[in-house]
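What follows is the residue order along each chain.
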Amino acid sequence: MDCVFCRIVKGELPARVVYEDEQVMAFHDINPQAPIHVLLIPKRHVENLSEEIPPELAHALVRGIRETVRRLNVRDYRIISNSGRDAGQEVFHLHFHIIAGLELPPDTV
Ligand code: 5GP
Ligand code: ZN
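Now for a look at the structure at hand. Bear in mind that the values here come from a model prediction, so they are computed numbers and not experimental data.

## Observations concerning the site of ligand 1
The local shell around ligand 1 holds 16 residues, among which Asp29, Asn82, Glu90, His95 and His97 are the closest. Measuring from an oxygen atom of ligand 1, one finds a backbone N or O atom of Glu90 at 2.6 Å. The contact in question runs from an oxygen atom of ligand 1 to an N or O atom on the side chain of His97, over 2.8 Å. Mapped by element, the contributors of at least two residues to the shell around ligand 1 are α1 (4–10) and β2 (24–28). Examining the composition of the shell around ligand 1, we find that three residues originate from one element, α1, more than from any other. Class assignment for the residues of the shell around ligand 1 results in seven nonpolar, seven polar and two charged.

Structure below.
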């Protein structure tokens, strides 16, 4: 399987890593849509949130968001996860966009 985020996890592609532990990794988006735009991913390949996520990994993801935000030194931020092609998902390896550093536009939801 040729997955760009799996290649980043393996170190085959470079990334500006913000946070990493055994289960998750956070790195700057290559095409930022805000002053701070970081992606938090599980190290093991999961397609998106429609897949079953074991509780331990779910916890690691939430903790990883918190740790990443702490390292970014921001107070307010927005989390987005596009799940499926019609929702705008382009990379089919689960990721949470962590967006901050600007006055965020109004919610679309
Ligand atoms: P999606 O549209 O799937 O929710 O978001 C995919 C995100 O991955 C996009 O914001 C895109 O800029 C980012 N991205 C795609 N390829 C790479 C890459 O090779 N490195 C990094 N750091 N980000 C990437
Ligand atoms: Zn992958």
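Once you've had a look at it, read on.
## Observations regarding the packing of aromatic side chains
Within the structure shown, the criterion is met by one aromatic pair. Where Phe5 meets Phe27, the ring centres are 5.5 Å apart and the plane angle is 75 degrees; that geometry is what we call edge-to-face. Of the two residues, Phe5 sits in helix α1 while Phe27 sits in strand β2, which places them 22 residues apart along the sequence. On the basis of relative accessibility, which here comes to 3%, the residue Phe27 falls in the buried class.

## Brief notes about the sheet that holds strand β5 (residues 96–100)
The five strands are arranged β1-β2-β3-β5-β4 in an open sheet whose pairing can be described as antiparallel. The open sheet has two free edges, formed respectively by β1 (17–20) and β4 (78–80), since each of these has just one partner strand. Strand-to-strand, the axes of this sheet are offset by a mean angle of 20 degrees, without reference to chain direction. In this sheet, β5 lies alongside strand β3 (residues 36–42) in antiparallel orientation, the contact comprising five bridges. Considered in β5, the bridge of Val38 is made with Ile98. In the packing of helix α2 (residues 55–72) onto the sheet, the strands contacted are β1, β2, β3, β4 and β5, and the crossing angle to β3 comes to about 155 degrees.

Here is what the cut-offs are and how they apply
Residues numbered from 1 in each chain as written. Chains lettered and ligands numbered in written order. Predicted model: local features only at pLDDT ≥ 70, side-chain atom pairs only at ≥ 80, totals over all residues. Heavy atoms only, no water. Near = heavy atom within 4 Å. Polar contact = N/O pair within 3.5 Å; in protein donor to acceptor, adjacent residues only side chain to side chain. Helix = DSSP H or I, 4+ residues; strand = E, 2+ residues; numbered from the N terminus. Nonpolar A, V, L, I, M, F, W, Y, C, P; charged D, E, K, R; others polar. Phe/Tyr/Trp six-rings, centres within 6.5 Å; stacked < 30°, edge-to-face > 60°. Buried < 20%, exposed > 50% of the residue type's maximum accessible area, 1.4 Å probe, protein only. Pairing = 2+ DSSP bridges. Axes fitted to C-alpha atoms, helices over the stretch in contact; angles between N-to-C directions. Contact = heavy atoms within 4.5 Å.

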